[in-house]
Amino acid sequence: MARSTSNDAQALFHSLRSAYSATPTSLKIIDLYVVFAVLTAAIQVVYVAIVGSFPFNSFLSGVLSCIGTAVLAVCLRIQVNKENKEFKDLPPERAFADFVLCNLVLHLVIMNFLG
């Protein structure tokens, strides 16, 4: 039973890897940005767990900034993806402009929250 589970997991990993290799480079770059933002948030949470959360507003601002940026990047990825038929009429430049504008608003709110 455990052997078939291991083979199934390997087959699933191989199929995901082969499908991801066909992904365009621009989407892979956005994926790396999302992973970076989430890992930065995780590092901040671990730091607060170890050291403490004296400036709690700073901790919340940092984590919310990372998570908000990751969510906006996922939205950008959805809009830029050519296989997504829902946004086929939206040019990639417009999607990127929306991403930049929303990031600007997000970070203005985060800076205001810092005090």
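Residues numbered from 1 in each chain as written. Predicted model: local features only at pLDDT ≥ 70, side-chain atom pairs only at ≥ 80, totals over all residues. Heavy atoms only, no water.

Caption draft 1: Spotlight on the packing of aromatic side chains. Under the counting rule described, the total for this entry stands at 3 aromatic pairs. With 5.7 Å between their ring centres and 40 degrees between their planes, Phe 56 and Phe 59 make a pair best called tilted. Of this pair, Phe 56 and Phe 59 both sit in helix α3 (residues 56-80), separated by 3 residues, roughly a single helical turn. Here a set of aromatic residues connected by ring pairs shows up, and it is made of Tyr 33, Phe 96 and Phe 99. (Phe/Tyr/Trp six-rings, centres within 6.5 Å; stacked < 30°, edge-to-face > 60°. Helix = DSSP H or I, 4+ residues; strand = E, 2+ residues; numbered from the N terminus.)

Caption draft 2: Looking closely at the environment of Ser 65. Examined against the element boundaries, Ser 65 turns out to sit in helix α3. Taking the C-alpha atoms as reference points, Ser 65 and Leu 12, separated by 53 residues in sequence, lie 33 Å from one another. Discounting residues that sit within four places of it in the chain, Ser 65 has contacts with Leu 106, His 107 and Ile 110. (Contact = heavy atoms within 4.5 Å.)

Caption draft 3: Representation of the nonpolar core within the structure. Of all hydrophobic cores here, the largest spans 13 residues; its most connected members are Ile 30, Ala 73, Leu 76, Val 80 and Phe 99. Among the elements of the structure, α2 (25-51), α3 and α4 (92-114) are those that each provide at least two residues to this core. In terms of residue count, α3 provides more of this core than any other element does, 5 residues in total. Residue contacts for Leu 76: discarding those within four places in its chain leaves Ile 30, Ala 95, Phe 96 and Phe 99. (Core = buried A, V, L, I, M, F, W, Y, C linked by side-chain atoms within 4.5 Å. Buried < 20%, exposed > 50% of the residue type's maximum accessible area, 1.4 Å probe, protein only.)

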